[in-house]
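Inside the fold
Residues per chain are reported as follows:
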Amino acid sequence: MRADRLGALLSAAGTTALLSLPFVIFKANRIVPGTPHSLGDVLPAWGAIGCYALLLAVSIVALYVTNPRLRLFAALAGVVVVALAVAAAGNALTPAGNKVVRVAPGAGWWIASVCLGLLATDAITRLRPGPALRVLLLAAALGVALLALAHGTFDHLSIMREYAVNAVRFAHEGARHVALAAGSLGAALVAGLPLGILCYRVPRLRAAVLGTLNLIQTIPGIALFGMLMAPLGALAAAVPLAAQLGIRGIGAAPAVVALFLYSLLPIVANTVAGLKRVPRATVDAAQGMGMTDSQVLTRIELPLALPVIITGVRIVLVQNIGMVTVAALIGGGGLGTFVFQGIGQTAIDLVLLGAIPIVVLAFSAAVVLDALAEVMARAPA
Amino acid sequence: MITIENLTKRYGTTTVVDGVSMHIPRNSLTVIVGTSGSGKSTLLRMVNRLVEPTSGRVLLDGNDTRAEPAHLLRRRIGYAIQGHGLFPHHTVAENIATVPRLMGWDAARIGARVTELLKAFALDPATFAGQFPHQLSGGQQQRVGVARALAAEPQLLLMDEPFGALDPIIRAKAQDDLLDIRRRFGTTIVLVTHDMDEAFRLGDHVAVMSGGRMLQYGPPAELLTRPADPLVSRMTGLADRAMRLLSLSTAGEAALPGTVDGPAVAASASLRDVLSELVWRGVDAACVTDADGTARGHLTVAAILAHGRP
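The next subject is the overall build of chain A. Summing up its helical and strand segments, chain A has 15 helices and 3 strands in all. With respect to the three principal axes, the spread of C-alpha positions in chain A is 80 × 60 × 30 Å. Here chain A holds 381 residues, and the buried ones make up 45% of them. Counting only contacts in chain A whose residues sit at least 6 apart along the sequence, the fraction spanning at least 24 positions is 75%. With the model as given, the accessible surface of chain A reaches about 18,300 Å², and the carbon-plus-sulfur share is 74%. Counting 24 positive and 12 negative side-chain charges, chain A places the centres of these two groups 3 Å from one another.

Let us now look at a nonpolar patch on the surface. Together, L21, W110, I111, L142, I356 and V360 of chain A line one region of the surface with nonpolar side chains, adding up to about 410 Å² of accessible area. With respect to the helices and strands, the residue I111 of chain A is situated in helix α5 (residues 107–127).

In this section: the sheet that holds strand β3 (residues 102–105) of chain A. All names here are of chain A. If you walk across this open sheet you meet the 3 strands as β2-β1-β3, and the pairing is antiparallel. The open sheet terminates on both sides in strands that have one partner only, identified here as β2 (35–37) and β3. The sheet shows a mean angle of 30° between the axes of neighbouring strands, direction not considered. Pairing of strand β1 (residues 24–27) with β2, which is carried by 3 bridges, proceeds in the antiparallel orientation. Within β2, the position partnered with I25 by the bridge is P36.

About the criteria used
- Residues numbered from 1 in each chain as written.
- Chains lettered and ligands numbered in written order.
- Predicted model: local features only at pLDDT ≥ 70, side-chain atom pairs only at ≥ 80, totals over all residues.
- Heavy atoms only, no water.
- Helix = DSSP H or I, 4+ residues; strand = E, 2+ residues; numbered from the N terminus.
- Buried < 20%, exposed > 50% of the residue type's maximum accessible area, 1.4 Å probe, protein only.
- Contact = heavy atoms within 4.5 Å.
- Areas by Shrake-Rupley, 256 points an atom, 1.4 Å probe, with all protein chains shown as cover.
- Lys, Arg positive; Asp, Glu negative; His and termini not counted.
- Charge placed at Lys NZ, Arg CZ, Asp CG, Glu CD.
- Patch = residues over 30% accessible without salt bridge, like charges linked within 9 Å, V, L, I, M, F, W, Y side chains within 5 Å.
- Salt bridge = Lys/Arg side-chain N within 4 Å of Asp/Glu carboxyl O.
- Pairing = 2+ DSSP bridges.
- Axes fitted to C-alpha atoms, helices over the stretch in contact; angles between N-to-C directions.

Next up, the structure:
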């Protein structure tokens, strides 16, 4: 029986981390340095032994079982075990009614979780699920996580403590984050699709437009924000209407404009690539049968280019969800607010309160749009 | 039906079609044949204005084709191309319904027409209507392409190398189907090909093009017996011109009165096939019979050979 290589690597890393690195960090309050605790320290003996036994079983599956369904089940079981264990550690270490102490997951827990997550991802990849099933799996995972959060399973962990303090702002900034990412994507679609169609029709324009957009793409995000401050500030000063509409040198306006500019390249480039992919004979037949130019575009060319365009939308949305984070620096708001506030206060839990939802949002957007692109590509060109 | 007057197409300094004039009668099957770059496709595409002529004009039933918007003109003219050009994201039924939908037919009429055409092309509607083009074989795709071109009952069908992508056996079947369709729907057909055999097999008029000029236009036999240009004889083939000529007449047409002792041959067989049969059997004469087996006359080797020279 040969051991699975990835399983061996992940088992070794996870086990080493759990045994040698702290499972949780306990702090008497938010500011003081913490003390590390292992799994054995914080759980009753039977609980710790149970956890280790279950994780050992997961390792054995990861090493020797080839059935991907079983591997996925084991990995998910492992995720549940470490999640419940860290929640239990939080409950055990927090004196009743105390809202000052902080129990944060330690390096051992993070590494073990990442190993289990990779194991689950690998199993899903080996299962080769269809697009609908992938979205369903994502929805199920998110659903379980949200239910556990709503139920208060993790309420004694430090990140949830930060959340409890910031709940109202979290909802507000979360919504703003999504609005900024989706809004700039929407604007990029409205401008980028026609521009892409134009570039496809006029090859001489193509090189110039794509070159310019490529150049914009190379400007670092924070530099572009800075470059936009001056012109937008001047615009607001000169045109009162612009100022009334909320256009200023700082805030949401430069953030949206910058994200819009970054979004244009993938949209325009993918629109051109998608249209190029449409077989010449198909367009010729459509014209020959008496479709007008706009009918050829809307009934034949765009539907056939759609899978490639959706791929561009996926790139843009995932990219924007990440980049909106930086917009917090210029007063644009979004979940980045917590990240930078946390960095300023050296409160890593606050950073995570911003960062984890951003990662989850980006990952979900990628999974959903990948699935969409695959469904669209079902009728092969 | 179609009158082409002095039609010319230039791209920059290159003349692709050079002053072509021809009249294509109603209910004919005219084949435009030429090598690649001869301008045959461009000539065809100027009929439905996929290419706009530099000078000259095309009359359809006496009316200048430029009198109406190009897309409305094209909806009245069937168009089938090499590699079929089916829409990959539409089902077979949707593909066939393309032009009727553009013309605003009601759903019931479109459905009836699609079913009728699928049956006419030996494609079971229950099986094929909902399939996508990539699920069909090459021959089936080609038939759907022709069915789509005929959907709105056009008087005129333009075909640009429609059988070019098919293997020889399926191609022969597709050519038979086309002759059948023509008999059935009475459509006037203009077909472009580079394949001289196809031209002789299908066309009751053949136009030979080279270098943008029309070298000769007439019945296939005339191309063999009175070539207007040495290039025409080269293209139709000098070595087997007698056999080609024999292939243009049927046993029924050439049959002599009275019957003889000998093998029976079908009246629809070409003289070339009858001669081959006689050579194979080592006999001098054959009985010509109709499809129902009644004798219609006879043929001798000498009589057949007389048909094989101008």
